[in-house]
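Chain by chain, the residues:
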Amino acid sequence: EARARSRCEALDLSDAASVRAFAERQVAGSSSGRPLLLVNNAGVMGVPEEAGVDGHLWPNHYGHFLLSRLLLPAMGPGSCVMVV
């Protein structure tokens, strides 16, 4: 009998350091060969520009890309990444 296990953790997709720390924890705690399901859903609106950078780019695009890229080592056979 297969048993699914899930957990919830905080992550700020607009902050590269937060994304990197989250990914490091996931990769360090992953069981090699277990499938991982990652759903990237961009939907943040009304974020002000900061330091000349559009406030929508990091949480809606760059953060998802960085997270997906950093989680690749934890993805075993049957893993799936979905972009919504």
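Residues numbered from 1 in each chain as written. Predicted model: local features only at pLDDT ≥ 70, side-chain atom pairs only at ≥ 80, totals over all residues. Heavy atoms only, no water.

Caption draft 1: Local environment of the environment of Leu72. By secondary structure assignment, the location of Leu72 is in the loop between helix 2 (57-71) and strand 2 (80-83). Here the alpha-carbon distance between Leu72 and Ala23, two residues 49 residues apart in the chain, equals 9.5 Å. (Helix = DSSP H or I, 4+ residues; strand = E, 2+ residues; numbered from the N terminus.)

Caption draft 2: Just helix 2, in detail. The end-to-end C-alpha distance of helix 2 is 20 Å, a good match for the 21 Å that 15 residues give at a rise of 1.5 Å each. A maximum bend of about 35 degrees is found in helix 2 at Gly63. Those residues of helix 2 that sit buried are Pro59, Asn60, Gly63, His64, Leu66, Leu67, Ser68 and Leu71. At its buried positions, helix 2 is contacted by helix 1 (16-29), strand 1 (37-40) and strand 2. (Expected span 1.5 Å × (residues − 1). Bend = angle between axes of the 7 residues up to and from the residue. Buried < 20%, exposed > 50% of the residue type's maximum accessible area, 1.4 Å probe, protein only. Contact = heavy atoms within 4.5 Å.)

Caption draft 3: Structural detail: the side chain of Ser18. By the element assignment, Ser18 lies in helix 1. Given the relative accessible area of 19%, Ser18 is considered buried. In this structure the side chain of Ser18 is engaged in a polar contact, spanning 2.9 Å, whose partner is the backbone nitrogen of Asp12. If we ignore the near neighbours within four places in the chain, the residues touching Ser18 are Leu11 and Asp12. (Polar contact = N/O pair within 3.5 Å; in protein donor to acceptor, adjacent residues only side chain to side chain.)

Caption draft 4: How the structure looks around the packing of helix 1 against helix 2. Where helix 1 contacts helix 2, the two axes come as close as 9 Å, and the packing angle between them is 30 degrees. Relative to helix 2, helix 1 is oriented roughly parallel. As helix 1 packs across helix 2, the resulting crossing turns out to be right-handed. Taking contact as the criterion, the partners of Ala16, Val19, Arg20, Phe22, Ala23, Gln26 and Val27 in helix 1 are, on helix 2, Trp58, Gly63, Leu66, Leu67, Leu70 and Leu71. (Axes fitted to C-alpha atoms, helices over the stretch in contact; angles between N-to-C directions. Parallel < 35°, antiparallel > 145°, perpendicular 65-115°, else oblique. Left-handed = near helix turned anticlockwise from the far one by under 90°.)

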